[in-house]
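# A structural walkthrough
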Protein chains: 2
Amino acid sequence: MPITLYELCGANQAHRFSPYCWRAKMAIAHKGFEIEGIATPFTQIREVAGGVSATVPVIEDNGKVVSDSWDIALYLEETYPDRPSLFGGPSGMALTRFVESWVDMSVTPRIGSLVIKDIHDILAPADQEYFRKSREAKIGRTLEEVQMGREDRIDLLHQALAPLSKMVKFQPYLGGTAPLYADYILFGALKWPHVSSAFELLKEGDPIHQWFERCQALYDGIGHSAVKVSG
Amino acid sequence: MPITLYELCGANQAHRFSPYCWRAKMAIAHKGFEIEGIATPFTQIREVAGGVSATVPVIEDNGKVVSDSWDIALYLEETYPDRPSLFGGPSGMALTRFVESWVDMSVTPRIGSLVIKDIHDILAPADQEYFRKSREAKIGRTLEEVQMGREDRIDLLHQALAPLSKMVKFQPYLGGTAPLYADYILFGALKWPHVSSAFELLKEGDPIHQWFERCQALYDGIGHSAVKVSG
């Protein structure tokens, strides 16, 4: 039986762009389950599974509802210990918490500042209104102001990703010879602009781009098959 | 029998400041061995153990000589598998490679730019000459120019360390409830200026400072007992 994944969508429901939903999607695929992805606009999250959560991802698995990407990964690991591990044991799980913190603090904000207006633009009208109001209140600037001059800021993202460029000299994935949940955390952060923006963040042939493409190809190309905005 | 650790020293041989030597020192202590630390000036590294390495740390353990901090950690893990693990398994080891890359690319250069002249100043005259020549050739600026205006750049270091600030909300160490080699990699990077400079990089009471103090207290306070320059 597939696991149901409620995930953010754009006005075009094929646009599934949420970085946190990508973490959950890849984690489910890693565990070998089929995914039933349910398109969920921002303004309808509270209608999901009885309104359990203000955010997606939310999953339903055999009647069990779990929200929050980290809790979903833990749930999958604990419920399906005989399937491929997402963490490789307690030490791997602890170190993955560090990777999550690194992505959240050092990577995600820099990507957001490059594509936040593009994300807005792919949303349905009601979601656009919610997104603009909530993000602008938090940031204190308009989405247009935040994104402006992004060509000059892309180097800051590449600087933030320099650790990955170095790491792939030693091993193809954060997980080593094969990917782990830590890879999916970063992959989700990069899949977010990849789906929602025509602005290219990674340079073709760059080691980070190569890592991204390796992740795209996983699980029958679940990443490759995602619909992205046209350039 | 203790493990011999050749480690960098200043003009005052009690100043053991090398970030890479601190990685090895903490790894040896983690495995429960006594350490015989041999003070080694930059310009005498080639006299260590028959000139096997251009850099320290170098260790000697039962006649076996190993150089390079990562290789030393691997050696200890493989040679003493029944003692406390430095990585917590293959996945932990792979994720530790990522942490190492993060420290090397995102943390170490920022610390270096804050204290490089101070490091120079604690060295013996012959080492000062070597250090200035080699570093200035690499950087293309004088040590004084690099360090100048550091008060305005310390925020860049705190930004780089933001992932740790977030992580410690979930767990006290990168290794989880107890430290692993990943902690020692970052600890070494911060012990480097702590020993060699009176410039304070961490704010008292800050979560990163608290983590640093936890690491200082490990193994009978091996970190605390290190001699640092007077302010």
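Residues numbered from 1 in each chain as written. Chains lettered and ligands numbered in written order. Predicted model: local features only at pLDDT ≥ 70, side-chain atom pairs only at ≥ 80, totals over all residues. Heavy atoms only, no water.

### Thoughts on the overall build of chain A
- Counting its regular elements, chain A contains 9 helices and 4 strands.
- Against the compact-globule benchmark of 17 Å for 231 residues, chain A has a radius of gyration of 17 Å, which places it among compact chains.
- Its C-alpha atoms put chain A at 50 × 45 × 30 Å along the principal axes.
- Counting all 231 residues of chain A, 57% fall into the buried class. (Helix = DSSP H or I, 4+ residues; strand = E, 2+ residues; numbered from the N terminus. Rg over C-alpha atoms; globule rule 2.2 N^0.38 Å. Buried < 20%, exposed > 50% of the residue type's maximum accessible area, 1.4 Å probe, protein only.)

### Considerations on the pairing of strand S1 (residues 3-8) of chain A
All names here are of chain A.
- Burial analysis of S1 places 6 of its 6 residues in the buried class, the great majority of the element.
- Inspection of the sheet shows S1 paired to strand S2 (residues 35-40) by 6 bridges, in the parallel sense. The residue of S2 that forms the bridge with isoleucine 3 is isoleucine 35.
- Read from S1 through helix H1 (residues 19-30) to S2, the crossover connection turns out right-handed. (Pairing = 2+ DSSP bridges. Right-handed = clockwise from strand over helix to strand, strands pointing away.)

### Description of the pairing of strand S3 (residues 58-61) of chain B
Residue and element names in this part refer to chain B.
- By the bridge criterion, 3 bridges tie strand S1 (residues 3-8) to S3 in an arrangement that is antiparallel. Considered in S3, the bridge of leucine 5 is made with isoleucine 59.
- In the sheet, S3 pairs with strand S4 (residues 64-67) via 4 bridges, with the strands oriented antiparallel. Residue glutamate 60 lies in a different strand from S4, and its bridge partner there is valine 65.
- Counted between consecutive antiparallel strands, the loop separating S3 from S4 contains 2 residues, among which asparagine 62 sits at a positive phi close to 50°.

### Description of the relation of the copies chain B and chain A
- Structural alignment of chain B on chain A gives an RMSD of 0.0 Å, achieved by rotating through 180° and translating 0.0 Å along the axis. What the rotation and shift describe, once combined, is the action of a two-fold rotation axis. Considering only C-alpha atoms, the part of chain B nearest the rotation axis is glycine 92 of chain B, at 2.2 Å.
- Comparing contact sets, 100% of the residues at the interface of chain B also lie at the interface in chain A, consistent with an isologous, same-surface contact. (Least-squares fit on C-alpha atoms with pLDDT ≥ 70 in both. Contact = heavy atoms within 4.5 Å.)

### So, unusual backbone geometry
- A cis amide bond links valine 56 of chain A to the next residue, proline 57 of chain A, at an omega of 10°.
- Along the chain, proline 57 of chain A falls in the loop between S2 and strand S3 (58-61).
- Although it is not a glycine, asparagine 62 of chain B adopts a positive phi angle of roughly 50°.
- Look at aspartate 220 of chain B: it is not a glycine, yet its phi comes out positive at around 60°.
- On the secondary structure map, aspartate 220 of chain B appears in helix H9 (residues 207-221).

### Focus: helix H8 (residues 181-196) of chain A
Residue and element names in this part refer to chain A.
- The end-to-end C-alpha distance of H8 is 23 Å, a good match for the 22 Å that 16 residues give at a rise of 1.5 Å each.
- Approximately 25° is the largest bend angle found in H8, and it occurs at leucine 190, with the proline proline 193 only one to four residues beyond.
- Taking burial as the measure, the 16 residues of H8 include 15 buried ones, the bulk of the element. (Expected span 1.5 Å × (residues − 1). Bend = angle between axes of the 7 residues up to and from the residue.)

### Regarding the sheet that holds strand S4 (residues 64-67) of chain A
Residues and elements named next belong to chain A.
- Pairing in this open sheet of 4 strands is mixed, and the strands run S2-S1-S3-S4 from one edge to the other. Edge positions in the open sheet fall to S2 and S4, since each of these has one partner strand only. If you compare each strand with its neighbour and ignore which way they point, the axes differ by 20° on average.
- Sitting on the sheet, helix H2 (residues 69-79) touches S1, S3 and S4, and the angle it makes with S4 is about 135°. (Axes fitted to C-alpha atoms, helices over the stretch in contact; angles between N-to-C directions.)

### Let's talk about the side chain of lysine 25 of chain B
Residue and element names in this part refer to chain B.
- Among the secondary structure elements, lysine 25 is positioned in helix H1 (residues 19-30).
- We classify lysine 25 as buried; its relative accessible area is 10%.
- If we skip the residues at most four places from it in the chain, lysine 25 touches Leu5, Glu7, Arg16, Ile35 and Ile222.

### Some thoughts on the nonpolar core
- By size, the foremost hydrophobic cluster in this structure holds 147 residues, and its most contacted members are Trp211 of chain A together with Trp211 of chain B.
- In this structure tryptophan 211 of chain B touches Leu164, Val168, Pro172, Tyr173, Leu174, Asp183, Leu186, Phe187 and Leu190 of chain B, once residues within four positions along its chain are discounted. (Core = buried A, V, L, I, M, F, W, Y, C linked by side-chain atoms within 4.5 Å.)

### Focus on the packing of aromatic side chains
All names here are of chain A.
- Using the criterion set out here, one finds 22 aromatic pairs over all chains in the structure.
- A centroid spacing of 6.1 Å and a plane angle of 90° characterise the contact between tryptophan 22 and phenylalanine 187, whose relative ring orientation is edge-to-face. Here the residue tryptophan 22 occupies a position in helix H1, and phenylalanine 187 occupies one in helix H8, the gap between them amounting to 165 residues.
- By the ring-pair criterion, three or more aromatic residues cluster together here, those being Phe17, Phe42, Tyr130 and Phe131. (Phe/Tyr/Trp six-rings, centres within 6.5 Å; stacked < 30°, edge-to-face > 60°.)

### Describing the interface of chain B and chain A
- With 30 residues of chain B at the contact, the number on the chain A side is 30 residues.
- Regarding the contact of chain B and chain A, the summed buried area is about 2400 Å², with carbon and sulfur atoms giving 69% of it.
- Linking chain B with chain A are 2 salt bridges, by the criterion used here.
- Across the contact surface, chain B and chain A share 6 residue pairs in polar contact (both at pLDDT 80 or more).
- In terms of residue count, helix H3 (residues 90-122) of chain B provides more of the side of chain B that touches chain A than any other element does, 15 residues in total.
- Residue composition of the side of chain B that touches chain A, grouped by class: 15 nonpolar, 10 polar and 5 charged. (Buried area = accessible area lost by both parts, 1.4 Å probe. Salt bridge = Lys/Arg side-chain N within 4 Å of Asp/Glu carboxyl O. Polar contact = N/O pair within 3.5 Å; in protein donor to acceptor, adjacent residues only side chain to side chain. Nonpolar A, V, L, I, M, F, W, Y, C, P; charged D, E, K, R; others polar.)

### A word on the pattern of salt bridges
- Per the counting criterion, the structure on display carries 22 salt bridges over all chains.
- A salt bridge links lysine 166 of chain A to aspartate 104 of chain B; the nearest nitrogen and oxygen atoms lie 3.1 Å apart. Separated into two different chains, lysine 166 of chain A in helix H7 (residues 162-167) and aspartate 104 of chain B in helix H3 make up a pair that spans both.
- With a relative accessible area of 23%, lysine 166 of chain A lands in the partly exposed category.
- A relative accessible area of 14% places aspartate 104 of chain B in the buried class.
- Note that glutamate 100 of chain B is salt-bridged to arginine 97 of chain B, the shortest N-O span being 2.6 Å. Of this pair, glutamate 100 of chain B and arginine 97 of chain B both sit in helix H3, 3 residues apart, which is roughly one turn of that helix. Comparing glutamate 100 of chain B with arginine 97 of chain B shows no difference in burial state: the two are buried.
- Bridged by salt links that share partners, the residues Arg23, Arg97, Glu100 and Asp104 of chain A together with Lys166 of chain B form one connected network.

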